[in-house]
Structure formats: C-alpha cells, structure tokens
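Listed below, chain by chain, are the residues.
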Amino acid sequence: MRPFKKLWERFQERIVVQSCKLFVEDSKSYGKCLEEATQLRCTFKMVDAHFFNGTKVVEVAKDAVEFNLPIIRSNRRLVASENGGLHNPSCLVFNPEWTHKHVDNTSKRFQYPALPGIRRPKSEEDIAFMSILELGELIRTNQITSHELVQIFLQRLKRYNPVLEAVITSTDELAYKQAKEADELIAKGVYLGPLHGIPYGLKDIIAVPGYKTTWGSRSFKDQVLDIEAWVYKRLRSAGAVLVAKLVSGSLAYDDIWFGGRTRNPWNIEEFSTGSSAGPAASTSAGLVPFAIGSETAGSITFPASRCGVTALRPTFGTVGRTGVMSISESLDKLGPFCRSAADCSVVLDAIRGKDPDDLSSRDIPFRDPFSIDIRKLTVGYMDDAEMEVVHVLKAKGVNMVPFKLNYTVDSVQGILNFTMDVEMLAHFDEWQRTGQDDIYEAQDQWPTELRRSRVISAVDYVQAQRARRKLIEEVKKSFTVDAFIGNATDWEKVCLGNLVGLPVIVIPTGLKNISNPPSKGTRRRTTINTGIYARPDHDHIALALAIAYQSVTDHHKQRPPIDDLGPNDKIPDPPTVVIPPRRLHP
C-alpha cells in the first residue's frame, strides 16, 4: 500500500501542475504559475488544510482565482486604500458586558474630594509634580494661571526631551491659545472643573487638526489629519490644554519610533517599553501632569510599570476612538497616565461616554470611585501580587482572600495574536501591499507579524473568536471576587485581560536597586508595581481600591533622578543594558 500511496501522491502533484493551464491569466504567467503550482499542497499545509487530495487542491486553486480574487480586489478598492483604520469601521462589534440586565445609563459626574488649604509652591519643580486636583485648586483659587502652567511644562518638555526622546511635536501655539481661553473663563467666574487649564499630552496616534499625527512611523511622519479625535474634544470641553503630541512606538507596537527610542526616566539606560512610551515617560518625569495613551495588548500596562506611574486601562468601550489609529477594533482602548489613581478618576470622568462615531463605545454607568465603601468589598490576591498592597488594604477593612482565575482555554496568547494581527492587517493592507513594511523601524516587529497574518484563514480567525467567547464565559464564572490584585505585566494576564475586556489600574508600589550598578553608586532605580483588576464595567472598584492604597502610601509621589544620577554615574550611549525582544507588546 505504501508504494501505491507514494505513486498516487506524485500523480496528484502532476495533476496540480498540469491543471495550472486551466486558470492562468495569460501565457506569460504560465511559467510562474507552473512553478508555484508544485507548491500548492505545501501552501495548504501552512493553513493546516492538507487533508485535501490533489484533485481538490486544483479545484480550490481554480475557484480561488475565478471567484475569490475578484471579491477580494473589489473590497480592497472599497475600503483598503487608506491606512490606519480611520474610515469604514467593521460592523462586527465586541461587547465585554457580563450582564444583559437593563441598567440606568444616566451619566453622573464624580464628586471630587475638596483640597482646602493648597498653596502654590515656590519651586517650579514642585509645581510640575503636583496632582491634577492640586493644580486645579491652584487655578480655581487664582494662585496660578493656565498660561503659567503651560510655560512651566513646555520648558520641561524641551529641557528633558533630548534625553528621554518622549515628544514628537510640541503644540506651543495651540497650548497658549487654549490657556488664554481658560484664563479668560476664570476671570469671568466660570470654572469648568479640575481639568480647567491643566496641560496634558496625547499619544501621537490621536489626531488633532493642524498638527502632525505621525503614528510614530517614518511612513507617516509628515501626515496631517484634518480630524478632531473624540477624546481630544472631550478634554478640550473640560478645559484641558494640549501641550504635546507624545511618542507612540511605530504603528503602536513598542517604544521604537522614527526619531529614536524612548527612555525610562527612572533609569535612562533602559527604554520605556510599550507603544505608549511617550505618555508614560513624560508623566513620570513631570513633563505633563497627565497624558492619554492606548492599549491593544500591553501598551498601557508595560510602560506604566517600567516608568513608575499610575495608569488605567479601562473597560473596552469606555472611551471613544474616533480619530485614533486603529490596530484592532475589538481590542483597542484609550486610558490615562497620571500621578495617582485619584487623577486617573478625574481624567476618566472627563473622557468616558458614548462616541457616536465609534460603534464599540458605550455609556457605561460607573459609580463614583470616591464614594465606594471598600470595607464591603472582597478582593482576591494572586501568587504574584505585591503583598504590601494586600496588607494595606486589609488594614483599611477590605476582605482579602487568596485567589486564582481558573479557565481551560490553553491558547490565550495565540487568540490574542490571531485577533490583533488579522485586524491590524485589515487596517494596513495597503501599507503592506505597497512594500512600506520594508522601511519599518524594527523589522522583527509588525513586518513579521503581519506577513504571517496574511495566511491566517477567515475560518481560523472566527474559530479564535469562538475560543475567545469560551474564555470570557470561563473567566466570568471564575471571577468570584469584586477585584483581584496581580502582576500587571505577566504576558498571560495581559492577553487574557485584553481579550475579556477587564479594566486594570497599574500602581507603583516601591523601588529597588538596578542590576549591576556603578561601583560608586547611583540614584537610578527599578520600579516595583502591581495591578488591580476588576470586572468589566467596574472600573470604579479598581480605582477606589487604588485610591485607598495611595491615601496611606507615597510611592506614587516619588520623582525620578533625571538631574541627579549620583557620583560618577555616566550613562553610556548607546546603552549597555540590552532589553530582550518581546513576543508582542502593542
């Protein structure tokens, strides 16, 4: 039987080759097709479809040319001539809700704590590291103007950016214009709230008319989009003042962009990691009071952890994404990088809500995190949780219990890769087809990912989404606590949290010595952090717990030693610290 089987397989391959004549477009392409036809069966193996015999392979190849290709090309002409996913969104919408019960979606603003007795510091350095609520009180009580704040932060941006490589565009003219408007309103007795007159930065995948939106990529470094992103509109209506477009890793993959690579303010021999590198580094270094970043799979959690700032990855759908470069319509989220969890609450309150042009956004009925009685909560802690957080919350009356998420889906990381890569390629189809991936800043990143995703079949993409739904149901069943504490950068948790839509707040919990410090000492440090995870649509629980922890600790108030590294501590350029390549952190 075996000799006969081999003869039959050879015969089938000959059929494949000869049948190529039936569907070649012209005689010139025959030679090429003849050569490629011998590889058809190998191609089918690549998509795990080598169960077809030779006759069926020929039939599929013929039908693909006659039937599939015209449809593919027609759809490309319709929706794939522009990159970035800013136009023609998918009609398939991911909703992470765990309940279908009717809820009151009336949007109620949070009640921010009063900060009486705040006085303006003498030092501009001290001003730069004040919280949003503190700066807002200075503006409200006329102790400082928005114009003065803009001057302070623009000076810091220009002073430290040569070291950190965290800024793509300073928006000086716009900032002074918006600051003037904010100050004029104050003079008229109109106060818009705690963001009134507060400077901030946007990750440079968020469009602002009149300024470049480069997506961090040399392919788009001169791009100006006449689009006003929804999140920018929300912040502008709250009175916030844009001072800079901050680094996004190229096409939102990692910390490498067309102008360099963003560094970690706590140890500038290291890089920031994650594509929200600019927002994380700038907030950490006091270059902005807060910034807006994005996450598809780790780009908020990784740089926040590395740079020692507080940052929130909210529930999927919380913040509208109109005017924002898209990687994955079922995974992308916008969130704030701030000094504290209280500041994250302030910013989230301003930017949450239904974006009419983003089909995935929703009016999520968050409760006020400042009014949550945490003593009524049961919070789990995983094996990799920072135990100081556990002890502090327990001392504040929270019921703390050991916890583990149980699920049987064993392909979590693969589901994330399939989902993200296929959806990303749909948004950058033209970019790949025209060979622009050849000039991408890091060839082992998107170019490799997206070439591979070109051969993920539609069937297998849908199977991944079915497995994703199974994962969601299992996590929902296993989530027996109000929240849990665990590592924020564990890759399995990053993939799981993004697939399910879990919110997480990253909080700094301490500092430790760097590896291999100089012999005469250094003030550079490695940050310690943890994540507080909540159920979808329960961001207020994670925020309330983080606020409680930070109310009795000061890790979030520490300042990185950019100006004062220590005696004889010279930073080599290029750095000697080698950051190993990661599988995927967009």
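Residues numbered from 1 in each chain as written. Predicted model: local features only at pLDDT ≥ 70, side-chain atom pairs only at ≥ 80, totals over all residues. Heavy atoms only, no water.

(A) Region of the structure containing the pattern of salt bridges. Overall, the coordinates contain 32 salt bridges when judged by the stated rule. Asp 373 is paired through a salt bridge with Arg 375; the nearest N and O atoms lie 3.0 Å apart. Residue Arg 375 is classed as exposed on the basis of its relative accessible area of 59%. A salt bridge links Arg 452 to Glu 449, with the shortest nitrogen-to-oxygen separation between them at 2.7 Å. Separated by three residues within a single helix, Arg 452 and Glu 449 lie in helix 16 (residues 446–453), roughly one turn from each other. Accessibility expressed as a relative area gives 43% for Arg 452, which makes it partly exposed. The buried category is assigned to Glu 449, whose relative accessible area is 6%. Members of the salt-bridge network, linked through shared partners, are Arg 76, Asp 429, Arg 433 and Arg 454. (Salt bridge = Lys/Arg side-chain N within 4 Å of Asp/Glu carboxyl O. Buried < 20%, exposed > 50% of the residue type's maximum accessible area, 1.4 Å probe, protein only. Helix = DSSP H or I, 4+ residues; strand = E, 2+ residues; numbered from the N terminus.)

(B) Layout of the pairing of strand 12 (residues 399–402). With four bridges joining them, strand 11 (residues 378–381) and strand 12 adopt parallel strand pairing. Bridge pairing in strand 12 links Tyr 381 to Pro 402. Taking the sense of rotation as the criterion, the β-α-β connection linking strand 11, helix 13 (residues 387–395) and strand 12 turns out right-handed. (Pairing = 2+ DSSP bridges. Right-handed = clockwise from strand over helix to strand, strands pointing away.)

(C) Region of interest: unusual backbone geometry. Here Asn 88, not a glycine, exhibits a phi torsion of approximately 55 degrees, which is positive. Along the polypeptide, Asn 88 turns up in the loop between helix 4 (54–79) and helix 5 (124–128). By relative accessible area, which is 46% here, Asn 88 ends up partly exposed. Phi at Thr 273 takes a positive value of approximately 65 degrees, unusual for a residue other than glycine. With respect to the helices and strands, the residue Thr 273 is situated in the loop between strand 7 (267–271) and helix 10 (277–284). The class of Thr 273 is buried, set by a relative accessible area of 4%.

(D) Focus on the side chain of Thr 315. When you line up the elements, Thr 315 lands in the loop between strand 9 (310–313) and strand 10 (333–338). With relative accessibility at 1%, the residue Thr 315 sits in the buried group. Separated by 2.9 Å, the side chain of Thr 315 and the backbone nitrogen of Asp 537 make a polar contact. Every residue in contact with Thr 315, bar those within four places of it in the chain, is listed here: Pro 96, Arg 362, Ile 364, Gly 501, Pro 503, Arg 535, Pro 536, Asp 537, His 538 and Asp 539. (Polar contact = N/O pair within 3.5 Å; in protein donor to acceptor, adjacent residues only side chain to side chain. Contact = heavy atoms within 4.5 Å.)

(E) Main features of the packing of aromatic side chains. Enumeration over the complete set of coordinates arrives at 16 aromatic pairs. Where Trp 215 meets Phe 428, the ring centres are 5.8 Å apart and the plane angle is 80 degrees; that geometry is what we call edge-to-face. In this pair, Trp 215 sits in the loop between strand 2 (199–203) and helix 9 (230–237) while Phe 428 sits in the loop between helix 14 (412–427) and helix 15 (429–433), placing the two residues 213 residues apart along the sequence. Its relative accessible area of 0% is what places Phe 428 among the buried residues. Judged by centre distance (6.0 Å) and plane angle (80 degrees), the rings of Trp 431 and Tyr 440 are edge-to-face. For the pair Trp 431 and Tyr 440, a shared accessibility class is recorded, and that class is buried. Through a chain of ring-to-ring contacts, the aromatic side chains of Trp 98, Phe 403, Phe 479, Phe 484 and Tyr 533 assemble into a single cluster. (Phe/Tyr/Trp six-rings, centres within 6.5 Å; stacked < 30°, edge-to-face > 60°.)

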